[in-house]
Amino acid sequence: MTSFAVRLTSVADIKEFVDAANRLDCDVDVICGRYLVDGKSIMGLFSIDLSAPIRVEVHGTDAQGESFRRAIGRFVEQ
């Protein structure tokens, strides 16, 4: 599993994130406080508070996690 924080600030950011997540053959979870939503669900992402960074967990190989991280690199928090 690969885990990192991202910040999504616009509808376009959310769409790009979900599109990248849907290209993976593994699960992507988004965690915001006590809520966990499917990272492949645009409606799920719209249901959580995106005013602060959110935690992303990629439940696949390390290669899948790194590939996803590179695909959404501009959203990753340092």
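Since the model is a prediction, treat every value here as computed from it, not as a measurement.

A. The arrangement of the packing of aromatic side chains in detail. Evaluation of the coordinates by the stated rule reveals two aromatic pairs. Here the aromatic rings of F4 and F68 are separated by 6.4 Å at their centres, their planes lie at 40°, and the arrangement is tilted. Remark: F68 occurs in helix α3 (residues 62–71) and F4 occurs in strand β1 (residues 2–6); sequence separation between them is 64 residues. With a relative accessible area of 4%, F4 lands in the buried category. We classify F68 as buried; its relative accessible area is 1%. Aromatic side chains F17 and F68 sit 5.3 Å apart centroid to centroid with 75° between the ring planes, which places their arrangement in the edge-to-face category.

B. Geometry of the pairing of strand β2 (residues 27–32). Examined bridge by bridge, β2 and strand β4 (residues 54–59) share five bridges and lie antiparallel to one another. Residue D29 lies in a different strand from β4, and its bridge partner there is E57. As defined by bridge partners, β2 adjoins strand β3 (residues 35–38) across four bridges and the pair is classed as antiparallel. Paired with V30 across the strands is V37, a residue of β3. The turn joining β2 and β3, which pair antiparallel and follow one another in sequence, is formed by two residues; a positive phi near 60° is taken by G33.

Conventions we followed
Residues numbered from 1 in each chain as written. Predicted model: local features only at pLDDT ≥ 70, side-chain atom pairs only at ≥ 80, totals over all residues. Heavy atoms only, no water. Phe/Tyr/Trp six-rings, centres within 6.5 Å; stacked < 30°, edge-to-face > 60°. Helix = DSSP H or I, 4+ residues; strand = E, 2+ residues; numbered from the N terminus. Buried < 20%, exposed > 50% of the residue type's maximum accessible area, 1.4 Å probe, protein only. Pairing = 2+ DSSP bridges.

Everything listed is a geometric property; what it means functionally is a separate question.
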